[in-house]
Amino acid sequence: MNKFILFLLAGVLGVSSCSDESDKAIEESAPAAAEAIDFDKEVFTFDAASLIEGCSAGSEMVCAINLFVKCSIDPQRPECLKNKDRLPSFVFMSDESLERPTHVSYRISRLKPLPGGNVEVYTQSRCNGKWFGLCNGHIIYVMSPAGSDWNVQDVYALQTDAV
């Protein structure tokens, strides 16, 4: 845990030293990137039959990812409709061919600070659907600061097998 916080602080300081003044102002107003995320051990699991409102993860960044996952499973949940502006718009697409998952689990494998205060959150994910290819394998969440919260700005997958 201490290694993670030191790594993240070093990354944020490294990014800050390369940024111009406007980037520094954004970073200073961003939520603390050094949130206590014990990402080496925690597996977050969601099932359509037992989704609950809210988040008790202890990290606003993890709560934002959890919101994305829950809304990927069921975008019509009141919690999702209330937070539409915190998620990419494709989450709310309605089409049977999307093959939304009903079960998703993920583990955070690393964080990568980006210029301007954004952070990429690398995960290892498993699901029982297709969902644009965004729930199985190496899934990266691009997080943007929003006051004391985080928003999921974008999501993409890394291909792991060479073609």
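Reference entry: report on the structure contained in this document. This one's a predicted model, so the numbers in the text were calculated from it and none came from an experiment.

1. Quick look at the pattern of salt bridges
Then comes step 1: In total, this model carries three salt bridges according to the counting rule given.
Then comes step 2: Lys70 serves as the salt-bridge partner of Glu79, at 3.0 Å between the closest nitrogen and oxygen.
Then comes step 3: Looking at Glu79, the relative accessible area reads 11%, which means it is buried.
Then comes step 4: Among the residues examined, Lys70 registers a relative accessible area of 3% and is labelled buried.
Then comes step 5: Note that Arg77 is salt-bridged to Glu79, the shortest N-O span being 3.8 Å. As far as burial versus exposure is concerned, Arg77 and Glu79 are alike and both buried.
Then comes step 6: Three or more residues are tied together by salt bridges with common partners; here these are Glu53, Lys70, Arg77 and Glu79.

2. Concerning helix H3 (residues 60–73)
Then comes step 1: If you check H3, its first and last C-alpha atoms are 20 Å apart, about what 14 residues at 1.5 Å a residue would give, namely 20 Å.
Then comes step 2: Here H3 lies mainly inside the structure; 13 of its 14 residues are buried.

What counts and how
- Residues numbered from 1 in each chain as written.
- Predicted model: local features only at pLDDT ≥ 70, side-chain atom pairs only at ≥ 80, totals over all residues.
- Heavy atoms only, no water.
- Salt bridge = Lys/Arg side-chain N within 4 Å of Asp/Glu carboxyl O.
- Buried < 20%, exposed > 50% of the residue type's maximum accessible area, 1.4 Å probe, protein only.
- Helix = DSSP H or I, 4+ residues; strand = E, 2+ residues; numbered from the N terminus.
- Expected span 1.5 Å × (residues − 1).

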